[in-house]
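Descriptive structure summary
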Amino acid sequence: MKAIRMKIYGIVQGVGFRYFVFKLAKELNIKGYVKNLEDGTVEVFAEGEEDKLNYLIEKCKIGPSLAKVEKVEIREEEIKNFKDFKIIY
């Protein structure tokens, strides 16, 4: 198990990005959350198997069809043992 935090820059709010990440995380059995930040970015905290997290990262670098991802910052975090994955509003 591994945990990461991503901050995603670009046209990522109001384009279905949070639901895109939520749906993918559920399919991959990844725990954590996704939320919009006040600076216009999207934050993802994800815990799971390393190969599944790497897949999530690659998909987030592209995003849903209406998004335009400009940059993704990733850092490792301590595991917090989330029980599920949720969208934070």
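Quantities reported herein were computed from a predicted structural model and do not represent experimental measurements. (Residues numbered from 1 in each chain as written. Predicted model: local features only at pLDDT ≥ 70, side-chain atom pairs only at ≥ 80, totals over all residues. Heavy atoms only, no water.)

Here the focus is the sheet that holds strand 2 (residues 31-36). Read from one edge of the open sheet, five strands run 4-1-3-2-5, paired in mixed fashion. The open sheet is flanked by strand 4 (68-77) and strand 5 (85-88), the only strands paired with a single partner. Strand-to-strand twist in this sheet, taken as the mean axis angle between neighbours without regard to direction, amounts to 15 degrees. Relative to strand 5, strand 2 is paired through four bridges, and the arrangement is parallel. Residue pairing in the sheet places Y33 in a bridge with K86 of strand 5. Packed onto the sheet, helix 2 (residues 50-62) meets strand 1 (2-11), strand 3 (42-48) and strand 4 and runs at close to 5 degrees relative to strand 1. (Pairing = 2+ DSSP bridges. Helix = DSSP H or I, 4+ residues; strand = E, 2+ residues; numbered from the N terminus. Axes fitted to C-alpha atoms, helices over the stretch in contact; angles between N-to-C directions. Contact = heavy atoms within 4.5 Å.)

With that settled, consider helix 1 (residues 17-28). Its twelve residues give helix 1 an end-to-end C-alpha distance of 17 Å, which sits within 8% of 16 Å, the value for a rise of 1.5 Å per residue. What helix 1 keeps buried is the set F17, V21, L24, A25 and L28. Seen end-on, helix 1 carries its buried residues on one side only, within an arc spanning 100 degrees. Pointing more than 90 degrees away from the buried face of helix 1 are the exposed residues Y19 and E27. Turning to helix 1, the residues buried within the fold contact strand 1, strand 2, strand 3, helix 2, strand 4 and strand 5. (Expected span 1.5 Å × (residues − 1). Buried < 20%, exposed > 50% of the residue type's maximum accessible area, 1.4 Å probe, protein only. Arc of directions from axis to C-beta.)

This brings us to the packing of helix 1 against helix 2. Interhelical geometry of helix 1 versus helix 2 gives an angle of 160 degrees and a closest axis separation of 11 Å. What the angle tells us is that helix 1 and helix 2 run roughly antiparallel. Helix-helix and strand crossings are classified by hand; for helix 1 and helix 2 the assignment is right-handed. Counted together, F17, F20, V21, L24 and L28 of helix 1 and K52, Y55, L56, K59 and C60 of helix 2 form the full contact between these two elements. (Parallel < 35°, antiparallel > 145°, perpendicular 65-115°, else oblique. Left-handed = near helix turned anticlockwise from the far one by under 90°.)

We now examine the pattern of salt bridges. Scanning the entire structure with this criterion turns up ten salt bridges. Linking K35 and E43 is a salt bridge whose minimum nitrogen-to-oxygen distance equals 4.0 Å. For K35, a relative accessible area of 25% translates into the label partly exposed. Overall, E43 belongs to the buried group, its relative accessible area being 12%. Among the charged side chains, a network of salt bridges with common partners joins R5, K35, E43, R75 and E77. (Salt bridge = Lys/Arg side-chain N within 4 Å of Asp/Glu carboxyl O.)

Attention now goes to helix 2. Its 13 residues give helix 2 an end-to-end C-alpha distance of 19 Å, which sits within 8% of 18 Å, the value for a rise of 1.5 Å per residue. Listing the buried residues of helix 2 in full gives L53, L56, I57 and C60. Buried residues of helix 2 fall within an arc of 105 degrees about the axis and therefore sit on the same side. Relative to its buried face, helix 2 has exposed residues pointing more than 90 degrees away, namely D51 and I62. Tucked inside the fold, the buried residues of helix 2 contact strand 1, helix 1, strand 3 and strand 4.

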